Amino acid sequence: MKINDKQLEALLSVASKKLNTSPETLKSQLESGVFDQALSSMNKTDAERLTKALSDPKIAQKILSTPQAQEIYKKLSK
């Protein structure tokens, strides 16, 4: 399953809220490969998990295909 634009926007929205930043800022940081600000607001374990997920598309896909992620996507798509 490939991530489409709506799924990406939903994921950025949820993640940015948890990281206390805007989706645009988070997307910009991720696209530039500089997400120190996002990681600095997380606890060490979560930061390590995010770094691992971002570096491995299979892990990111696995996360997005979970029932919880699909439910969030459905709610944000309305």
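Relevant structure appears above.
> It is not clear to me how the environment of Gln29 should be interpreted in this structure. Could you clarify?
For Gln29, the position within the fold is in helix α2 (residues 23-32). Those residues in contact with Gln29 that lie beyond four places of it in its chain are Val34, Phe35, Gln37 and Ala38.

> Just to check I follow, could you spell out the environment of Leu8 for this structure?
Tracing the backbone shows Leu8 in helix α1 (residues 5-19). We classify Leu8 as partly exposed; its relative accessible area is 33%. Taking C-alpha positions, Leu8 is 10 Å from Pro23, a pair spaced 15 residues apart along the chain.

About the cut-offs
- Residues numbered from 1 in each chain as written.
- Predicted model: local features only at pLDDT ≥ 70, side-chain atom pairs only at ≥ 80, totals over all residues.
- Heavy atoms only, no water.
- Helix = DSSP H or I, 4+ residues; strand = E, 2+ residues; numbered from the N terminus.
- Contact = heavy atoms within 4.5 Å.
- Buried < 20%, exposed > 50% of the residue type's maximum accessible area, 1.4 Å probe, protein only.

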